[in-house]
Amino acid sequence: VQFVPFNCISHGFNHFDTLILETMAPILLFITAVVATVSSRKVKRYSRGQAAGKAAGKVASSIDLHLLYSHAAQAIFLVLPTISRRIGQSLQACTVYDAGDDVELYLAADHTISCDGSGTYDTMFIYAM
């Protein structure tokens, strides 16, 4: 699975923005799915009546959560290679460019991120670790 390069959609995205988006999106989607499952369980319980549906609601909710965790694990296996590749690209050595009397270092995955004490590079490196 490979995502569309986000800098093609918007010119403001760089490698660090994509790293944050790709690592946080699965977590946020999973939290959203858990909240939706738990809230739908409560709605079902109240629509059936409090006393009558407690035992059946617990069984149904455990099945719902088990199914949710199963689907989440499958989804993680699909996006894990993409996330791992992005993290690996963030930790790669910087590319050295000769700029006359000076030497400039840029991230190999994104040449807009300077490795010469740039706050963006340092923050990205720490986040990727």
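Residues numbered from 1 in each chain as written. Predicted model: local features only at pLDDT ≥ 70, side-chain atom pairs only at ≥ 80, totals over all residues. Heavy atoms only, no water.

The next subject is a nonpolar patch on the surface. Where nonpolar side chains cluster on the molecular surface, the patch consists of I20, M24, I27, L28, F30, I31, V35, Y69 and Y127 and spans about 800 Å² of accessible area. Ranked by the residues each element gives to the nonpolar patch, the list is headed by helix α2 (residues 15-48), at 7 residues. Position of V35 among the secondary structure elements: in helix α2. For V35, a relative accessible area of 52% corresponds to the exposed category. (Patch = residues over 30% accessible without salt bridge, like charges linked within 9 Å, V, L, I, M, F, W, Y side chains within 5 Å. Areas by Shrake-Rupley, 256 points an atom, 1.4 Å probe, with all protein chains shown as cover. Salt bridge = Lys/Arg side-chain N within 4 Å of Asp/Glu carboxyl O. Helix = DSSP H or I, 4+ residues; strand = E, 2+ residues; numbered from the N terminus. Buried < 20%, exposed > 50% of the residue type's maximum accessible area, 1.4 Å probe, protein only.)

Turning our eyes to something else, we now look at helix α4 (residues 119-128). Along an α-helix, residues three or four apart share an orientation, since each turn contains 3.6 residues. For α4, every residue scored as buried is listed here: Y121, M124 and A128. Axial view of α4: buried residues confined to an arc of 70 degrees, hence all on one face. (Arc of directions from axis to C-beta.)

It is worth spelling out the side chain of T23 at this point. With respect to the secondary-structure elements, T23 resides in helix α2. The exposure class of T23 is buried, given its relative accessible area of 15%. Of the polar contacts made by the side chain of T23, one reaches the backbone oxygen of L19; its length is 2.8 Å. Here I20 takes part through its backbone oxygen, which lies 3.2 Å from a polar atom of the side chain of T23. In this view, T23 contacts I83, I87 and Y127; residues no more than four positions away in its chain are not counted. (Polar contact = N/O pair within 3.5 Å; in protein donor to acceptor, adjacent residues only side chain to side chain. Contact = heavy atoms within 4.5 Å.)

Successive side chains on a regular strand alternate, one facing one side of the sheet and the next facing the other. Two strands pair when backbone bridges link them, and strand β1 (residues 95-99) and strand β2 (residues 102-107) are joined in this way by 5 bridges, in the antiparallel orientation. Counterpart to T95 in the pairing with β2 is Y106. Counted along the chain from β1 to the antiparallel partner β2, the turn is 2 residues long, and its residue G100 has a positive phi close to 80 degrees. (Pairing = 2+ DSSP bridges.)

Counted under the stated rule, the structure contains 1 salt bridge. Across the salt bridge formed by E22 and R86, the nearest N and O atoms sit 3.2 Å from each other. Linking E22 in helix α2 with R86 in helix α3 (residues 54-91), this pair joins segments that are 64 residues apart in sequence.

Taken together, 3 strands build an open sheet; the order of strands is β1-β2-β3 and the sheet is antiparallel. What marks the edges here is a single partner per strand, and that holds for β1 and β3 (110-114). For this sheet, the mean inter-axis angle between neighbouring strands, taken without regard to orientation, is 50 degrees. Along the sheet, α4 makes contact with β2 and β3, crossing β3 at roughly 105 degrees. (Axes fitted to C-alpha atoms, helices over the stretch in contact; angles between N-to-C directions.)

Now for the nonpolar core. Within the largest apolar cluster, 8 residues are counted, these being F16, L19, L107, I113, C115, Y121, M124 and A128. Elements with a contribution of two residues or more to this core: α2 and α4. Here this core takes 3 residues from α4, the largest share from any one element. Apart from residues lying up to four places away in sequence, M124 is in contact with H15, F16, L19, S90, L107 and I113. (Core = buried A, V, L, I, M, F, W, Y, C linked by side-chain atoms within 4.5 Å.)

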